[in-house]
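Fold and geometry: a report
Here is how the chains run, residue by residue.
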Amino acid sequence: MGIVAYYVHVDADQLKTLKEKPALVWNIKNDARFNRAAIIDVDKDWQILSWLASPNKRREQQQTTAMMRVMDRRNADELMQDDKKYDKAIAEECAKLGVKPENMRDIPSDPMVRALEGRGTEKQREAAFNFGFGGARVFPPEEVKIIAVSFCNFKESELNVNFNRKEMHKFNVGGVNWLNENDTVLNNFLIPSFRKVSRFYQNAASLNHYVLVIYR
């Protein structure tokens, strides 16, 4: 059971209405007050799309995998108490994975990761839209426009280049057992999902709307 990210775009007045009664968000398709607003989701594929679209996400996931391997060691508690031993253990696991160790804080975010995963600071979130997994990320219209341009400039061929089931299995991308999947999942599901989110942000930008990324 994973977290689903929902993408919602609304105008300023509609956003105000939703803040007053957040549960309305689940019915905006059938509510006349939300004319030209939209809500979509890509089920649990948002983390997979982020891996395929962002080199920074891939770097993060590689480091996360190394950290999880260290945490699985029998002496994990001892390692956590000693920075030098912990760093050495991380470096060892990174070497086994074929990647270089990096400080996660040094890996920058980018528009694709922010858009797909709804990343942001606490000030950029709205606690009213907390349906069990934290407040929604709220992107103002000016940031939505930047994201829309990033999607427009993105070369879809990159999705094909970065779709490698063995590599994705090694780094536990999206919690999926990729060795049991077929290559057809890329063209049948993942690329259509990516296009769906791309169209969503471009439409939101054209309407000068806010975008909310809500987790449920």
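Preceding this paragraph is the structure being described.
All of the points below concern the structure found in this document. Values in this document were obtained by computation on a predicted structure and should not be read as measured data.

Looking only at helices and strands, one finds ten helices and five strands in the chain. Viewed in the frame of its principal axes, the chain has a C-alpha envelope of about 60 × 40 × 30 Å. Expressed as a percentage of its 216 residues, the buried residues of the chain come to 44%. Split by element, the accessible area of the chain, about 11900 Å² in all, is 48% carbon and sulfur. Here the chain contributes 33 positive and 29 negative side-chain charges, whose respective centroids are spaced 2 Å apart.

This part is about the packing of helix α3 (residues 55-71) against helix α5 (residues 83-97). The interhelical angle for the contact between α3 and α5, taken along N-to-C directions, is 120 degrees, at an axis separation of 9 Å. What the angle tells us is that α3 and α5 run oblique. Like other packed secondary-structure pairs, α3 and α5 cross with a definite hand, here right-handed. Here Q62, Q63, T65, A66, M67, R69 and V70 of α3 come into contact with α5, specifically with Y86, A89, I90, E93, C94, K96 and L97.

Locating F200 in the fold gives a position in helix α10 (residues 184-206). Given the relative accessible area of 5%, F200 is considered buried. The spacing of F200 and A115 is 85 residues in sequence and 11 Å in space, taken between C-alpha atoms. Aside from chain neighbours lying at most four places away, what touches F200 is Y7, V8, H9, A38, I40 and V211.

The next thing to look at is α5. Spanning 15 residues, α5 covers 21 Å between terminal C-alpha atoms, matching the ideal 21 Å at 1.5 Å per step. Within α5 the residues assigned to the buried category are Y86, A89, I90, E93, C94 and L97. Mapping the buried residues of α5 onto a view down its axis gives an arc of 135 degrees, with all of them on the same face. Projecting away from the buried face of α5 at angles above 90 degrees are the exposed residues K84, K88 and A95. Elements that come into contact with the buried residues of α5 comprise α3, α4 (76-80) and α9 (165-170).

Read across the open sheet, the five strands follow the order β2-β1-β5-β4-β3; overall the sheet is antiparallel. Two strands lie at the open edges of the sheet, namely β2 (38-41) and β3 (125-126), each paired on one side alone. Bridge count for strand β1 (residues 5-10) against strand β5 (residues 210-215) is six bridges, and the pairing is antiparallel. For H9, the partnering residue across the bridge sits in β5 and is V211. Sitting on the sheet, α10 touches β1, β2, β4 (136-139) and β5, and the angle it makes with β1 is about 25 degrees.

Y7, L52, F151, L190 and Y201 are the most contacted members of the largest nonpolar core, which totals 47 residues. Those elements giving two or more residues to this core turn out to be β1, α2 (46-53), α3, α5, α6 (111-117), α7 (141-153), α10 and β5. Ignoring anything within four residues of it in the chain, the contact list for Y201 reads Y7, A115, F139, V144, I147, A148, F151, V211 and V213. Residues Y6, V10, L15 and L24 belong to the second largest nonpolar core, which totals 17 residues.

Attention now moves to the pattern of salt bridges. Applying the stated criterion across every chain, the model contains 17 salt bridges. Residue R33 is joined to D31 by a salt bridge in which the shortest nitrogen-to-oxygen separation is 2.7 Å.

What counts, and where the lines are drawn
- Residues numbered from 1 in each chain as written.
- Predicted model: local features only at pLDDT ≥ 70, side-chain atom pairs only at ≥ 80, totals over all residues.
- Heavy atoms only, no water.
- Helix = DSSP H or I, 4+ residues; strand = E, 2+ residues; numbered from the N terminus.
- Buried < 20%, exposed > 50% of the residue type's maximum accessible area, 1.4 Å probe, protein only.
- Areas by Shrake-Rupley, 256 points an atom, 1.4 Å probe, with all protein chains shown as cover.
- Lys, Arg positive; Asp, Glu negative; His and termini not counted.
- Charge placed at Lys NZ, Arg CZ, Asp CG, Glu CD.
- Axes fitted to C-alpha atoms, helices over the stretch in contact; angles between N-to-C directions.
- Parallel < 35°, antiparallel > 145°, perpendicular 65-115°, else oblique.
- Left-handed = near helix turned anticlockwise from the far one by under 90°.
- Contact = heavy atoms within 4.5 Å.
- Expected span 1.5 Å × (residues − 1).
- Arc of directions from axis to C-beta.
- Pairing = 2+ DSSP bridges.
- Core = buried A, V, L, I, M, F, W, Y, C linked by side-chain atoms within 4.5 Å.
- Salt bridge = Lys/Arg side-chain N within 4 Å of Asp/Glu carboxyl O.

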